[in-house]
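Chains, contacts and geometry: an overview
In case you want the letters, here they are:
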Amino acid sequence: MKLALIGVGQAGGKVVDEFLAYDADTGADVVRGALAVNTAKADLRGLDHLPEDRRILIGQARVKGHGVGADNELGAEITEEDIDEIQGAFDSVPTHEIDAFLVVAGLGGGTGSGGAPVVARHLKRIYTEPVYGLGILPGTDEGGIYTLNAARSLQTFVDEVDNLLVFDNDAWRKTGESVQEGYDALNADLVKRFGVLFSAGEIQHGGDVAESVVDSSEIINTLAGGGISTVGYAEVEVDEPERGGLLSRFRTEDTTPDSTEATNRITSLVRKATLGRLTLPCEVEGTERALLIVAGPPEYLNRKGIEHGRKWLEEQTGSMEVRGGDYPRRGDGTVAVLVLLGGITNVPRVKELQQVAVEAQNNLDEITDESEDRFSELMDTDDELESLF
Ligand code: GDP
């Protein structure tokens, strides 16, 4: 499906940048417009693929290009104040060509955490296309303020978008890597998954392709209904039969893959994708809607395998709304399965974050109560003082 991407904050900008590289490398041609919005000039300068005029520096009058630190309230305020400038950049995006907007941000910091929900709310007001969020949760080792920011932003962001796709850094970080190396690897994992998802809906029916190709309406329907979604992915290398070429007609061996093997390969990949590491780990049971996409050379996209996989997903999720289809692609040398779980309900990390938000609110209430008590004590003292005269 055709997307307009908007990265807010540093992580948002970097992921959008990586999406552009993916789009160009794979020839997927999914991205119809891309923007990076930030309060920090240096972060915008660090991007590699996004053209200069698509990098929008906001809040110059307030923070002079130095960013907002981890102050997400300031991030939200500045985004609100400069929303016309952001809208101005959208005016040159061919929005009539797109199927959806995707607003990307790390939820633990300041600009993305505060600004992404503001941008999403604005887009929903102006355009009729769905607005999806891609929210990145911080590692638990990043510290309290990041967790608290993420807890608050998650609640706001999920209300402002048509669906919030989530990637949890905490579940994906590897030990022994520098932060930067770590992020590069995470971003590659992240973009591979969401890249396959969105480019699957871009294949046109007919020609070389199988009959049950996933189209963008199936992605949109799986994401409809809102809430939070997660993605699972698994792949295996295969020998891709060569096509055409001068020598092909002299070849005697049969290059058509064995169909039982193809079925089994797909069903086992569906299990691996679903039960392996999801972008946001969760209990699969209780998922409202799901979509299964099998990508690979058309010879390997076995109808029976996809149907078995789809049935198995129905059993695992308990959902009656499980869609499935192909994404024929050549040249990658893999068969890959992507599982989109839309509207997940049992997510330990989200419960943990909600708990943090509730505790922080209680502490805040306590502090407010305390200062109110102290204030009235002070007033009482004043009364006492007055009565002395
Ligand atoms: P902002 O610029 O104020 O929005 O803040 P950042 O985007 O720098 O950081 C917010 C959070 O995003 C951090 O707490 C990290 O968890 C995460 N983060 C930062 N950079 C990256 C990145 O390149 N990739 C990923 N996956 N996460 C990142």
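Here goes a summary of the coordinates provided. The structure presented is a predicted model; accordingly, all values stated were derived computationally and were not measured. (Residues numbered from 1 in each chain as written. Predicted model: local features only at pLDDT ≥ 70, side-chain atom pairs only at ≥ 80, totals over all residues. Heavy atoms only, no water.)

**A closer look at the overall build of the chain**
Just so we agree on the cut-off: Helix and strand definitions follow DSSP, with helices as H or I runs of at least four residues and strands as E runs of at least two, each counted in order from the N terminus. Whether two residues touch is decided by their heavy atoms; if any such pair falls within 4.5 Å, the residues are in contact. Surface exposure here means Shrake-Rupley accessible area, sampled with a 1.4 Å probe, where a residue is shielded only by the protein chains that are shown.
Secondary structure summary: the chain contains 13 helices and ten strands in total. Taking the contacts inside the chain whose residues are at least 6 apart along the sequence as the reference set, 82% of them involve residues at least 24 apart. Approximately 18100 Å² of the chain is accessible, and the part contributed by carbon and sulfur atoms is 48%.

**A closer look at the layout of surface pockets**
Counted only if it meets this: Residues are said to line a cavity or pocket when one of their atoms sits within 4 Å of a point; the points come from a 1 Å grid over protein atoms alone, cavities being sets where a 1.4 Å probe fits but cannot get out and pockets being open sets with protein on both sides within 12 Å along at least five of seven lines. Grid points are joined across faces, edges and corners, and a volume is the space filled by probe spheres set on the points. Polarity classes work like this: nonpolar for Ala, Val, Leu, Ile, Met, Phe, Trp, Tyr, Cys and Pro, charged for Asp, Glu, Lys and Arg, and polar for all others, with Gly in that last group.
Approximately 540 Å³ is the volume attributed to the largest pocket. The element that contributes the greatest number of residues to the lining of the largest pocket is helix H1 (residues 9-26), accounting for five residues. Grouping the constituent residues of the lining of the largest pocket by class yields 14 nonpolar, 16 polar and three charged.

**Some words on the site of the ligand**
The line we're drawing: Any residue with at least one heavy atom within 4 Å of a molecule or strand is counted as near it. The definition of a polar contact used here is a pair of N or O atoms within 3.5 Å, where within protein one atom must be able to donate a hydrogen and the other to accept one, and adjacent residues in sequence count solely through side-chain atom pairs. Assignment to a cavity or pocket requires that more than half of a molecule's atoms be within 2 Å of the site's grid points.
Near the ligand lie 17 residues; those nearest to it are Gln-10, Ala-11, Gly-112, Glu-142 and Asn-187. Between the ligand and the protein, one listed contact pairs an oxygen atom with a backbone N or O atom of Gln-10 at 2.8 Å. At 2.7 Å, a side-chain N or O of Asn-187 approaches a nitrogen atom of the ligand. Within the complex, 93% of the 570 Å² of free accessible area of the ligand lies under protein. A molecule is said to occupy a pocket when more than half its atoms come within 2 Å of that pocket's grid points, and by this definition the ligand occupies the largest pocket.

**Some words on the pairing of strand E7 (residues 228-237)**
Which entries qualify depends on this criterion: Each residue gets one of three labels from its accessible area relative to the maximum for its type: buried under 20%, exposed over 50%, partly exposed in between, using a 1.4 Å probe on protein chains only. Strand pairing requires that DSSP identify at least two bridges connecting the strands.
In terms of residue burial, E7 counts as a mostly covered element, since seven of its ten residues are buried. Two strands pair when backbone bridges link them, and E7 and strand E10 (residues 334-342) are joined in this way by nine bridges, in the antiparallel orientation. Residue pairing across strands places Ala-234 opposite Val-337, the latter belonging to E10.

**Description of helix H5 (residues 83-90)**
The periodicity of an α-helix, 3.6 residues per turn, causes residues three or four places apart in sequence to face the same way. Counted only if it meets this: Along the arc lie the directions from the helix axis toward the C-beta atoms.
Regarding H5, the residues found buried are Ile-83, Ile-86, Gln-87, Ala-89 and Phe-90. Along the axis of H5, the buried residues cluster in a sector spanning 155°; they form a single face. Considering only its buried residues, H5 is in contact with strand E1 (3-8), strand E2 (31-38), strand E3 (55-57), helix H4 (72-81), strand E4 (100-106) and helix H6 (111-126).

**Brief notes about the packing of H4 against H6**
Rule in force here: Axis definition: a line fitted to C-alpha atoms, over the contacting stretch in the case of helices. Angles run 0 to 180 degrees between N-to-C directions. Each crossing gets its hand from how the near helix is turned against the far one by less than a right angle, where anticlockwise is left-handed and clockwise is right-handed.
Where H4 meets H6, the axes come as close as 6 Å, and the angle between the chain directions of the two elements is 35°. Here H4 and H6 pass one another in a crossing that is right-handed. For the pair formed by H4 and H6, the contact residues are Asn-72, Gly-75, Ala-76, Thr-79 and Glu-80 on the first element and Thr-111, Ser-113, Gly-114, Gly-115, Val-118, Val-119 and Arg-121 on the second. Grouping the amino acids of the contact of H4 with H6 by side-chain chemistry returns three nonpolar, seven polar and two charged.

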